[in-house]
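Residue-level structure breakdown
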Amino acid sequence: MSILVEENPAKRRFEILVDDALAGFTAYLPRGEVRVFTHTEVRPEFQDMGVGAALVRATLEQVREQGGRLVPQCPFMRAYIERHPEYADLIFQPA
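First, a word on what this report is: a plain description of the structure on this page.

1. Details of the overall build of the protein
Counting its regular elements, the protein contains two helices and five strands. The linear arrangement of helices and strands in the protein, starting from the amino end, is β-β-β-β-α-β-α. In terms of C-alpha radius of gyration, the protein reaches 13 Å, essentially the compact-globule figure of 12 Å for 95 residues. The buried share of the protein, reckoned over its 95 residues, is 42%.

2. Description of the packing of aromatic side chains
Summed over all chains, the structure comprises four aromatic pairs. With centroids separated by 6.1 Å and ring planes inclined at 35°, the aromatic side chains of Phe14 and Phe37 adopt a geometry described as tilted. Taken together, the positions of Phe14 in strand 2 (residues 13-18) and Phe37 in strand 4 (residues 34-42) put the pair 23 residues apart, joining distant regions of the chain. On the numbers, 6.2 Å between centres and 40° between planes, the contact of Tyr80 with Tyr87 is tilted.

3. Brief notes about the side chain of Arg35
Following the sequence through the fold, Arg35 ends up in strand 4. A relative accessible area of 14% places Arg35 in the buried class. Among the polar contacts listed, one links the side chain of Arg35 to the side chain of Gln66, at a separation of 2.8 Å. Those residues in contact with Arg35 that sit more than four places away from it in its chain are Glu7, Phe14, Tyr28, Leu29, Val63, Gln66, Arg69, Leu70 and Val71.

4. A closer look at the pairing of strand 4
One ladder, built from eight bridges, connects strand 3 (residues 21-31) with strand 4; its direction is antiparallel. Paired with Pro30 across the strands is Arg35, a residue of strand 4. As defined by bridge partners, strand 4 adjoins strand 5 (residues 69-72) across four bridges and the pair is classed as parallel. Directly across from Arg35, in strand 5, lies its bridge partner Leu70.

5. Considering helix 2 (residues 75-83)
Of all the positions in helix 2, only Met77, Tyr80 and Ile81 are classed as buried. Burial along helix 2 is one-sided: seen end-on, the buried residues are contained in an arc of 95°. Facing away from the buried side of helix 2, by more than 90 degrees, are the exposed residues Pro75, Glu82 and Arg83.

Rules of the game
Residues numbered from 1 in each chain as written. Predicted model: local features only at pLDDT ≥ 70, side-chain atom pairs only at ≥ 80, totals over all residues. Heavy atoms only, no water. Helix = DSSP H or I, 4+ residues; strand = E, 2+ residues; numbered from the N terminus. Rg over C-alpha atoms; globule rule 2.2 N^0.38 Å. Buried < 20%, exposed > 50% of the residue type's maximum accessible area, 1.4 Å probe, protein only. Phe/Tyr/Trp six-rings, centres within 6.5 Å; stacked < 30°, edge-to-face > 60°. Polar contact = N/O pair within 3.5 Å; in protein donor to acceptor, adjacent residues only side chain to side chain. Contact = heavy atoms within 4.5 Å. Pairing = 2+ DSSP bridges. Arc of directions from axis to C-beta.

Here it is as structure tokens:
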């Protein structure tokens, strides 16, 4: 199974492709240098395969590489970060 996660800025989301098929996405709203993640969705035929976790992990890694920050309004992403505190530094904390 080949997995690719890439940003689709036109749709304001990161998408995960599994064997070249769109398996899911995590949507965001840009707020300057901060992305507010609002929703994560995995197509039914790809659920319970770890696709959602792979999507969020790769998204967080890309945000980190870009030097970005985020607000995890999406419950799935928020729960993932709570289980993986190594990503907590990406959360935007207003001054």
